[in-house]
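# Examination of the molecular architecture
As a plain string of letters, each chain reads:
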Amino acid sequence: MDVLLEKIDLSQPAPTEEPMRQYYFIKKAKEYVKKAEEAAGRPLTACITTFGCQMNARDSEKLAGILEQIGYQETEDEEHADFVIFNTCTVRENANMRVYGRLGQLNHAKKQNPHMMIALCGCMMQEPEVVEKLKKSYRFVDLIFGTHNIYKFAELIATRFESERMVIDIWKDTDKIVEDLPTERKYSFKSGVNIMFGCNNFCSYCIVPYVRGRERSRDPKDIIREIEKLVADGVVEVMLLGQNVNSYGKTLEHPISFAQLLTEIEKIEGLERIRFMTSHPKDLSDELIEVMKHSKKICRHLHLPVQSGSSRILQKMNRRYTKESYLELVRKIKEAIPDISLTTDIIVGFPGETEEDFEETMDVVRKVRYDSAFTFIYSKRTGTPAAIMEDQVPEEIVKERFDRLLAEVQKISAEVCAIHSGTVQKVLVESVNAHDPSLVTGRLSNNILVHFPGNEELIGTLVDVRLNECKGFYYIGEAI
Ligand code: SAH
Ligand code: SF4
Ligand code: F3S
């Protein structure tokens, strides 16, 4: 990178093609940061806070890569940072409220530190009403951009340094995928890898297709090349990311299936574990089940969001499967891969949900016996078809159903987790235990957490561990 930046001549106009244009702005922003550092008489720090899903987490690593290149030092001390970045989520109303709450606090911090810059990006910024509100009531924000142009971060920072005004750059959608920009991984041994962007499914409750744009798959060669580079840099586990990985590759010039992509990734030497999310049940193929069954690297875990157990509600949700077809799919998967761990997402209180519909959901939970389930109270998202559906369910009823569901999910989950007691399994060690430094914490292939005696030298390695005691959602074990 340094060699590349060396060659760039800032007295020339910026190149128009990517990623060269961004390298130019990285160099330019770096000079601004250097000047600001000299003025402040100390290094400048930046703090990124990520809300939402794994996609956002991966995007934040890209932002961190650019920040590092232009000379910011990473900090977790948001209040005293010179540059605060919120990468936002808007999938549910409460995700949204948290951002406004945190922004209020930042306004005070910024008054103490006049050099502080604040940037907002991510899914929430793709909603025009949000940007209007920020322009009106949160004038102290310096930079606002969306989900389609995060690769332009360096250029936007340079623009902000050159102007005294709020910089706003939001695109409605894009068909562009810009490769080869710096990233800064959170973990040295594992990494998310985007295989596709956007979503075309338009589930009637969901805002993601509106804020992440149309579905676009990355070229398989670019994906393989990125993973090979990661492996050379110490990564042993990748998480392939997409809103619906099962429809990967369908729109490419040379179409390839997700199962074929997995087969190619499996061949990468040095890579030990492959995970992916999320799988939409309507597109999960027999070919994928076959590939998973025979794979040595694909983890024994499938996140298969059901959302509701009622076929009537599923149709209103535009999920395009029924309770019966979902249960049949689960049966096929469990038959092919008996040790698979299944997890799910469930929404309670979708408009029109009756007690009978809810009981259907409980029935699916009891039949599938998930390892764990993320349960959500339906949240009305402006602009989605469900927001204007009649029969929104009263809050007290939803709350009561939610509690019943959660209790059932947790009871089953503890039982399912316990079946591994006494077995020896491989654990990828992730960290030293935060509460007890004599323990390390890692994950099984099926994603369950395990704590066992060890030290930080084990981080990033795969260790054979006997699972001695199940504590509900995690194990206490010992290395053998
Ligand atoms: N692409 C993934 C989900 C991404 S959003 C999929 O299709 O499975 C993650 C989860 O948030 C969803 O599975 C859903 O359960 C939940 N969710 C999305 N929109 C929601 C809303 N309006 N209210 C409550 N939960 C919602
Ligand atoms: Fe949302 Fe449905 Fe797309 Fe998942 S598949 S992101 S729930 S629209
Ligand atoms: Fe949230 Fe955007 Fe992910 S809305 S869940 S951060 S795709």
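Note: the structure precedes this text.
First things first, this report covers the structure right here in the doc. Quick caveat, the model's predicted, so the values are computed rather than measured.

## Quick look at the overall build of the chain
Along the chain, the regular secondary structure elements total 14 helices and 19 strands. Relative to a compact globule of 480 residues, whose C-alpha radius of gyration would be 23 Å, the chain shows 23 Å and is just as compact. Dimensions of the chain, computed from the C-alpha atoms along their principal axes, are close to 65 × 55 × 50 Å. Going through the 480 residues of the chain one by one, you find that 54% of them count as buried.

## Description of the site of ligand 1
Every one of the 15 residues lining ligand 1 counts as a neighbour, but Arg92, Gln243, Gln307, Asp345 and Ser379 are closest to it. Measuring from a nitrogen atom of ligand 1, one finds a side-chain N or O atom of Gln243 at 2.8 Å. In this structure, Asp345 approaches ligand 1 through a side-chain N or O atom, which is 2.6 Å from an oxygen atom. Here ligand 1 has 540 Å² of accessible area as a free molecule, and 90% of this is covered by the chains.

## Comments concerning the sheet that holds strand 1 (residues 45–50)
One open sheet accounts for 6 strands, arranged 2-1-3-4-5-6; its pairing is parallel. This sheet does not close on itself; its edge strands, each paired only once, are strand 2 (73–74) and strand 6 (167–169). Sheet topology note: the strand 1/strand 3 (residues 83–88) ladder contains 5 bridges and is parallel. Bridge pairing in strand 3 places Thr49 opposite Phe86. Helix-sheet contacts for helix 6 (residues 153–162) involve strand 3, strand 4 (117–122), strand 5 (143–145) and strand 6, and the interaxial angle to strand 5 is about 150°.

## Details of the site of ligand 3
The environment of ligand 3 is formed by Gly52, Cys53, Asn56, Cys89, Thr90, Val91, Cys123, Arg212 and Gln243. Residues that form the shell around ligand 3 fall into these classes: 4 nonpolar, 4 polar and 1 charged.

## Thoughts on helix 10 (residues 286–294)
Residues of helix 10 that are buried include every one of Leu288, Ile289, Val291 and Met292, and no others. Buried residues of helix 10, viewed axially, fall in a sector of 165°; they line one side. Here the buried face of helix 10 lies against helix 9 (258–266), strand 11 (273–277), strand 12 (301–303) and helix 12 (323–336).

## Concerning the nonpolar core
In terms of nonpolar packing, the biggest core is built from 70 residues, with Ile227, Leu240, Phe258 and Ile265 touching the most fellow members. Apart from the residues lying within four places of it in its own chain, the contact partners of Ile265 are Ile223, Ile224, Ile227, Leu240, Leu271 and Ile274. One finds Leu63, Ala119, Phe153 and Leu181 within the second-largest nonpolar core, a separate group that totals 31 residues.

## Regarding the packing of aromatic side chains
Across all of its chains, the model carries 15 aromatic pairs by this definition. Ring centres of Tyr151 and Trp171 lie 6.1 Å apart, and the angle between their planes is 75°; this geometry places the pair in the edge-to-face category. With Tyr151 in the loop between strand 5 and helix 6 and Trp171 in the loop between strand 6 and strand 7 (190–194), this residue pair connects regions lying 20 residues apart in the sequence. Taking relative accessible area as the criterion, Trp171 reaches 23% and is therefore assigned partly exposed. With a centroid separation of 5.4 Å and 80° between ring planes, the pair formed by Phe202 and Tyr210 is classed as edge-to-face. You can call Phe202 partly exposed: its relative accessible area is 30%.

## As for the environment of Leu103
Looking at the secondary structure, you find Leu103 in helix 4 (residues 93–112). A C-alpha to C-alpha distance of 29 Å links Leu103 and Ser191, two positions 88 residues apart in sequence. Discounting residues that sit within four places of it in the chain, Leu103 has contacts with Phe86, Ile118, Leu120, Leu134, Tyr138, Phe140 and Val141.

## Considering the packing of helix 10 against helix 12
For the pair helix 10 and helix 12, the least separation of the axes is 10 Å and the interaxial angle reads 25°. The angle between helix 10 and helix 12 places the two elements in the roughly parallel class. In this structure, the crossing between helix 10 and helix 12 has a hand that is right-handed. In this structure, helix 10 contributes Asp286, Ile289 and Lys293 to the contact, and helix 12 contributes Leu329, Lys332, Ile333 and Ala336. Its residues assigned to classes, the contact of helix 10 with helix 12 comprises 4 nonpolar, no polar and 3 charged.

## Points about the side chain of Thr75
Following the sequence through the fold, Thr75 ends up in the loop between strand 2 and strand 3. The exposure class assigned to Thr75 is buried, which follows from its relative accessible area of 19%. A polar contact of 3.0 Å, which involves the side chain of Thr75, links it to the backbone nitrogen of Asp77. When sequence neighbours within four positions are dropped, the list of residues in contact with Thr75 reads Thr45, Ala46, Cys47 and Ala81.

## What about a nonpolar patch on the surface?
Residues Met1, Leu4 and Met20 make up a contiguous nonpolar surface patch of roughly 200 Å² in combined accessible area. Since its relative accessible area comes to 33%, Leu4 is described here as partly exposed.

## Some words on the pattern of salt bridges
Within the structure shown, the criterion is met by 45 salt bridges. Across the salt bridge formed by Asp82 and Arg42, the nearest N and O atoms sit 2.9 Å from each other. Residue Asp82 is found in the loop between strand 2 and strand 3, and its partner Arg42 is found in the loop between helix 2 (20–40) and strand 1; the two are separated by 40 residues along the sequence. The class of Asp82 is buried, set by a relative accessible area of 3%. Residue class for Arg42 comes out partly exposed when judged on its relative accessible area of 35%.

What counts and what doesn't
Residues numbered from 1 in each chain as written. Chains lettered and ligands numbered in written order. Predicted model: local features only at pLDDT ≥ 70, side-chain atom pairs only at ≥ 80, totals over all residues. Heavy atoms only, no water. Helix = DSSP H or I, 4+ residues; strand = E, 2+ residues; numbered from the N terminus. Rg over C-alpha atoms; globule rule 2.2 N^0.38 Å. Buried < 20%, exposed > 50% of the residue type's maximum accessible area, 1.4 Å probe, protein only. Near = heavy atom within 4 Å. Polar contact = N/O pair within 3.5 Å; in protein donor to acceptor, adjacent residues only side chain to side chain. Areas by Shrake-Rupley, 256 points an atom, 1.4 Å probe, with all protein chains shown as cover. Pairing = 2+ DSSP bridges. Contact = heavy atoms within 4.5 Å. Axes fitted to C-alpha atoms, helices over the stretch in contact; angles between N-to-C directions. Nonpolar A, V, L, I, M, F, W, Y, C, P; charged D, E, K, R; others polar. Arc of directions from axis to C-beta. Core = buried A, V, L, I, M, F, W, Y, C linked by side-chain atoms within 4.5 Å. Phe/Tyr/Trp six-rings, centres within 6.5 Å; stacked < 30°, edge-to-face > 60°. Parallel < 35°, antiparallel > 145°, perpendicular 65-115°, else oblique. Left-handed = near helix turned anticlockwise from the far one by under 90°. Patch = residues over 30% accessible without salt bridge, like charges linked within 9 Å, V, L, I, M, F, W, Y side chains within 5 Å. Salt bridge = Lys/Arg side-chain N within 4 Å of Asp/Glu carboxyl O.

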